[in-house]
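Chain residues, written in single-letter form:
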Amino acid sequence: MVLAELCGRITGAIQQMKNATIVDEKALNDCLNEITRALLQSDVSFHLVKEMQTNIKKIVNLEDLAVGHNKRRIIEQAIFCELCKMLDPGKSAFAPKKTKPSVVLFVGLQGAGKTTTCTKYAYYHQKKGYKPALVCADTFRAGAFDQLKQNATKAKIPFYGSYTESDPAKIAVEGVDRFKKENCDLIIVDTSGRHKQEASLFEEMRQVAEATKPDLVIFAMDSSIGQAAFEQAQAFKQSVAVGAVIITKMDGHAKGGGALSAVAATKSPVIFIGTGEHMDDFEIFDAKPFVSRLLGNGDWSGFVNKLQEVVPKDQQPELLEKLSHGNFTLRIMYDQFQNILNMGPLKEVFSMLPGICAEMMPEGHEKESQAKIKRYMTMMDSMTNEELDSSNPKVFNGSKIMRIARGSGRIVTEVMDMLEEYKRLATMWGKVKGLKMLEKGNMSSLSRNKNS
Ligand code: GDP
């Protein structure tokens, strides 16, 4: 089950519980059972799912809840917290500093995407002003050094390796020493992966770790490995001090559950996810927005970051001010559609927006969604300024709807569909009134109200 589907199933289960006439034991169990099934089918380990279910039931003690308590909200909150708990080990990973050289060691099975991810990690930090360097300590796989060399050259990152030396620990130490002398502040060591977990792989990893004394060991894991994720991650953790996880290949048909299981096994946070083969296909991972997206509530910080890339700086404060007050007019919807069309990979942006996740943007229908947005915008072009600035859909009576349909060359039901979509989005936006700007004029300092 791909993430979008998991997201749809969890959202659906919560919605069904919310729509129930009475929220009783049965409604709660139905909701939890559906979430359990969805998580298991997404390869989250069985014992984690069981534990989550037990914890939620402990938190939501329906019998003890006094009348007047919003049971629906309490259940939703408990699900959110438990999912976050699964993904958030409660400690953050070591963050490299520019003032002192850091050594980061990558471990994982062959084919997990380690070498690719090393370069992505280096490139990401290079863009942030670091001076990274790459060391190939994989002497097992023929071609490993060439691959790293090729990637590093493309990203203009210095690299070190050897075609003749067979001792990975020796190469790793040479590389680290050399780049320390060259004042690199982030030295990334790629290790051998082998085909499967075996004693020699773990022994080699231990030796390289002992020789280089890394500040951080990152476990790179292919998201599609399924139920084996928990045990695999645990085995690596037992051999070296894994401090962070990067889940690769989250694009395509990856099941997301492995990520949850790996965190639990290593007790280390997922810090990035790989979303494609290119250098830029790399995203910071943050548990709360991720779970928020899973629950169909949108990833506001991700959305704001994306928006920041396309909305001119002088327009950002005004836009956020409007959004933060839930004053969502058709004009704002129009402007946002425009931004979304400018933002490039639609799928990425859509999945961050509340309420849009599975409904407006079904997996594999990006082109149709884009066409729909353009159609909606054509209809809005036929509205008057007064209509665009209104946040009350009741102003659209029959004759106005007919006029808009005629003016845009569409049929009446399509205009009504567009207004329905507006109502749905307006409700969603209304939910995020907690958006706050901490520093005027600075979009990145935006934070969500804890209770929203
Ligand atoms: P390693 O053996 O662990 O070093 O794995 P590689 O870095 O050689 O990657 C194995 C394959 O996975 C290569 O074809 C990569 O291009 C591909 N790959 C790595 N990361 C990603 C990702 O995030 N998404 C996709 N689609 N492919 C990836």
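Small disclaimer: the values here were computed from a predicted structure and weren't measured. (Residues numbered from 1 in each chain as written. Predicted model: local features only at pLDDT ≥ 70, side-chain atom pairs only at ≥ 80, totals over all residues.)

1. Some words on the overall build of the chain
Here is step 1: Per the secondary structure count, the chain includes 19 helices and 10 strands.
Here is step 2: Within the chain, buried positions represent 42% of all 452 residues.
Here is step 3: Taking the contacts inside the chain whose residues are at least 6 apart along the sequence as the reference set, 73% of them involve residues at least 24 apart. (Helix = DSSP H or I, 4+ residues; strand = E, 2+ residues; numbered from the N terminus. Buried ≥ 20, exposed ≤ 12 C-beta atoms within 10 Å, placed from the backbone. Contact = placed C-beta atoms within 7 Å.)

2. Here we look at the environment of glutamine 232
Here is step 1: Positionally, glutamine 232 belongs in helix α9 (residues 229-239).
Here is step 2: When the C-alpha atoms of glutamine 232 and threonine 266 are compared, they prove to be 9.7 Å apart, with 34 residues separating the residues in sequence.

3. Some points on the UniProt feature "domain: SRP54-type proteins GTP-binding" (unreviewed entry) in the chain
Here is step 1: The UniProt record annotates "domain: SRP54-type proteins GTP-binding" (unreviewed entry) at residues 269-282.
Here is step 2: The span residues 269-282 is 0% helix and 43% strand, and its two end C-alpha atoms sit 16 Å from each other. (UniProt positions renumbered as here; feature names shortened; annotations may be inferred.)

4. Quick notes on the site of the ligand
Here is step 1: Around the ligand sit 18 residues in total, of which Gly113, Lys114, Thr115, Thr116 and Gly274 are the nearest.
Here is step 2: If one sorts the elements of the shell around the ligand by residue count, helix α5 (residues 114-127) sits on top with three residues. (Near = placed C-beta within 6 Å.)

5. A word on the sheet that holds strand β4 (residues 186-191)
Here is step 1: Across the sheet, which stays open at both edges, the eight strands sit in the order β3-β2-β4-β1-β5-β6-β7-β8 with mixed pairing between neighbours. The open sheet has two edge strands with one neighbour each: β3 (159-160) and β8 (282-284).
Here is step 2: Across four bridges, the pairing between strand β1 (residues 102-107) and strand β5 (residues 216-222) is parallel. Residue valine 107 lies in a different strand from β5, and its bridge partner there is phenylalanine 219.
Here is step 3: The sheet contacts of α5 involve β1, β2 (132-137), β4, β5, β6 (242-248), β7 (270-274) and β8, and relative to β4 the element is tilted by about 175°.
Here is step 4: Packing of helix α8 (residues 199-212) onto the sheet brings it into contact with β1, β2, β4 and β5, and relative to β1 it is tilted by some 175°. (Pairing = 2+ DSSP bridges. Axes fitted to C-alpha atoms, helices over the stretch in contact; angles between N-to-C directions.)

6. Considering the environment of arginine 331
Here is step 1: Looking at the element boundaries, arginine 331 is found in helix α14 (residues 330-342).
Here is step 2: The exposure class assigned to arginine 331 is partly exposed, which follows from the 17 C-beta atoms found within 10 Å.
Here is step 3: Placed 58 residues apart in sequence, arginine 331 and aspartate 389 show a C-alpha to C-alpha distance of 5.8 Å.
Here is step 4: Those residues within four positions of arginine 331 in sequence are excluded, and the remaining contacts are Leu388 and Asp389.

7. Things to note about the pairing of β6
Here is step 1: The element β6 is extensively covered by neighbouring structure, given that seven of its seven residues are classed as buried.
Here is step 2: After leaving β5, the chain enters α9 and then returns to the sheet as β6, a path that is right-handed.
Here is step 3: In terms of strand pairing, β6 meets β7 through three bridges, oriented parallel. Bridged to isoleucine 247 within β7 is isoleucine 273. (Right-handed = clockwise from strand over helix to strand, strands pointing away.)

8. So, the nonpolar core
Here is step 1: Counting residues in hydrophobic clusters, the biggest one holds 90 residues, and the most contacted among them are Leu134, Val135, Ile187, Ile188, Val189, Phe219 and Met221.
Here is step 2: Excluding residues within four positions of it along the chain, isoleucine 187 makes contact with Pro101, Val103, Ala133, Val135, Val176, Phe179 and Lys180.
Here is step 3: Membership of the second largest hydrophobic core comes to 14 residues, among which are Phe328, Ile373, Met379 and Tyr422. (Core = buried A, V, L, I, M, F, W, Y, C linked by C-beta atoms within 7 Å.)

9. Topic: the pairing of β5
Here is step 1: Among the seven residues that make up β5, seven are buried, leaving the element largely enclosed by the rest of the structure.
Here is step 2: Across the two faces of β5 the burial is the same, with Leu216, Ile218, Ala220 and Asp222 and Val217, Phe219 and Met221 all buried.
Here is step 3: Alignment of β5 against β6, held across six bridges, turns out to be parallel. Paired with methionine 221 across the strands is isoleucine 247, a residue of β6.

10. Structural notes on unusual backbone geometry
Here is step 1: In this structure, lysine 213 takes a positive phi of about 45° despite not being glycine.
Here is step 2: Tracing the chain through its elements places lysine 213 in the loop between α8 and β5.
Here is step 3: A count of 10 C-beta atoms within 10 Å places lysine 213 in the exposed class.
Here is step 4: Residues other than glycine seldom take positive phi values, yet lysine 267 does so here, at roughly 55°.
Here is step 5: Examined against the element boundaries, lysine 267 turns out to sit in the loop between α10 (257-266) and β7.
Here is step 6: Looking at lysine 267, the number of C-beta atoms within 10 Å reads 14, which means it is partly exposed.

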